[in-house]
Amino acid sequence: MHIPDGFLNIATVATTSAVSAAGVAAAIKITGKQLKEKQVPLMGVMGAFIFAAQMLNFPIAGGTSGHFMGAALAAILLGPWAGTLIMTCVLIAQCLIFQDGGLLALGANVLNMGLIGSFSGYGMYRLMTLLAGRGARSRLIAGFAGSWAAIVLASIACALELAISGASPLQVVLPAMAGVHALIGLVEGAITVVVLGVIIATRADLLEMARVKAGGNPK
Amino acid sequence: MRSKWWLIALFFCLLIAILSPLASTSPDGLERVAEEKGFIGLAGNSPFQVIADYVFPGIENEALATIVAGIIGTLLLFGLAYGVAWLLVGNKKRKTA
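Anyway, here's the lowdown on the structure attached to this text. Everything numeric in this text was worked out from a predicted model, so none of it was measured. (Residues numbered from 1 in each chain as written. Chains lettered and ligands numbered in written order. Predicted model: local features only at pLDDT ≥ 70, side-chain atom pairs only at ≥ 80, totals over all residues.)

## Some remarks on the interface of chain B and chain A
By a frequent convention, interface size equals the accessible area lost on bringing the separate parts together. At the interface, 47 residues of chain B touch 56 residues of chain A. Secondary-structure elements contributing two or more residues to the side of chain B that touches chain A are α1 (5-18), α2 (29-36) and α3 (62-96) of chain B. Counting residues per element, the side of chain B that touches chain A draws most heavily on α3(B), which supplies 16 residues. Residue composition of the side of chain B that touches chain A, by class: 30 nonpolar, 11 polar and six charged. (Contact = placed C-beta atoms within 7 Å. Helix = DSSP H or I, 4+ residues; strand = E, 2+ residues; numbered from the N terminus. Nonpolar A, V, L, I, M, F, W, Y, C, P; charged D, E, K, R; others polar.)

## A word on unusual backbone geometry
All names here are of chain B. The backbone of D53 shows a phi angle near 55°, a positive value even though the residue is not glycine. You can see D53 is positioned in the loop between α2 and α3. Its 11 C-beta neighbours within 10 Å are what place D53 among the exposed residues. A positive phi angle is found at Y54, which is not glycine, with a value near 60°. With respect to the helices, strands and loops of the structure, Y54 is situated in the loop between α2 and α3. On the basis of neighbour counts, which here come to 24 C-beta atoms within 10 Å, the residue Y54 falls in the buried class. (Buried ≥ 20, exposed ≤ 12 C-beta atoms within 10 Å, placed from the backbone.)

## Topic: the packing of helix α6 (residues 136-164) of chain A against helix α7 (residues 170-202) of chain A
Residue and element names in this part refer to chain A. At a minimum axis separation of 7 Å, α6 and α7 run at an interaxial angle of 150°. When the interaxial angle is binned, α6 and α7 end up roughly antiparallel. Every pair of crossing elements has a handedness; the one defined by α6 and α7 is right-handed. Taken together, the residues of the contact of α6 with α7 sort by class into 22 nonpolar, eight polar and two charged. (Axes fitted to C-alpha atoms, helices over the stretch in contact; angles between N-to-C directions. Parallel < 35°, antiparallel > 145°, perpendicular 65-115°, else oblique. Left-handed = near helix turned anticlockwise from the far one by under 90°.)

## Notes on the environment of P21(B)
Residue and element names in this part refer to chain B. Looking at the secondary structure, you find P21 in the loop between α1 and α2. Owing to 17 C-beta atoms within 10 Å, P21 belongs among the partly exposed residues under this scheme. Between the C-alpha atoms of P21 and L80, which are 59 residues apart in sequence, the distance is 24 Å. For P21, the contacting residues outside a window of four places in its chain are A63, T66 and I67.

## Looking at the packing of helix α3 (residues 71-78) of chain A against helix α5 (residues 106-132) of chain A
Residues and elements named next belong to chain A. Relative to each other, α3 and α5 sit at 60°, their axes nearing to 7 Å. Accordingly, the angle class assigned to the pair α3 and α5 is oblique. Our pair here, α3 against α5, has a crossing hand that is right-handed. Contacts between α3 and α5 involve A71, A72, A74, A75 and I76 on the former and, on the latter, M113, G114, G117, S118, G121, Y122 and Y125. By residue class, the composition of the contact of α3 with α5 is eight nonpolar, four polar and no charged.

## Observations regarding the environment of H181(A)
By the element assignment, H181(A) lies in helix α7. Residue contacts for H181(A): discarding those within four places in its chain leaves I151(A), V152(A), S155(A) and G29(B).

Here it is as structure tokens:
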């Protein structure tokens, strides 16, 4: 759901860019305080994985494709601020080098797929592991729900920006975007479950590492 | 070998990049909605192109051009995210030292 240039009006470009700039600045500050040296390779691997997996569009209903987003997975493994940073790296490279996502729309794409994707995915995952416990099975279910919610909320944010920009009326674009991404989200959730499952089976310690938490100070 | 788990993970990411020519070429969710709801025409082209649309320029075989683009991007993103994280961790050390 990389927004190209031309879909958003100037006011929306300015607003989303400002919000994203502030969000990424906070992400740099907070991640810088909390990230551990041991987590540095995982940051690199998540960047590589999300980029590669985003290239693999899969067909969904009716001549439409979808691709993995990855914000929730990154946020579950490393916390929402670090997840935002990883998504920002991916989106900047996709925009500048691969011409996927517009230059002016970069702020909106970082807002939708970075900040909103990471925080909603992480929030849903945390809520569900609080309710259902931290066993392997509840982590996987929470991972599925978190990544489904993340891509659906990102698509709703995208639809709101399109409607505010006058590209399409809200009552038209919102159900269309949320509907198609509710389907794509099922595959998003499945990929997240597979990756989390592999990590739980092989390197559960990666999940136990202190995540970069929302706002708080490290102990 | 255990300490180098990330090398295995990176290798796996490169394998995914090599599979990229198998990706569906159908429009993605947003493109599809833009086509159906009649605002796809608003989309403008980028003022410059580097590896536009994940096809490395100058390679005639499109599958190969996509694989090359995928490998470059995957390695680049590993380096970029690793580099950002490394700088941030280093910064903390310099401040507390």
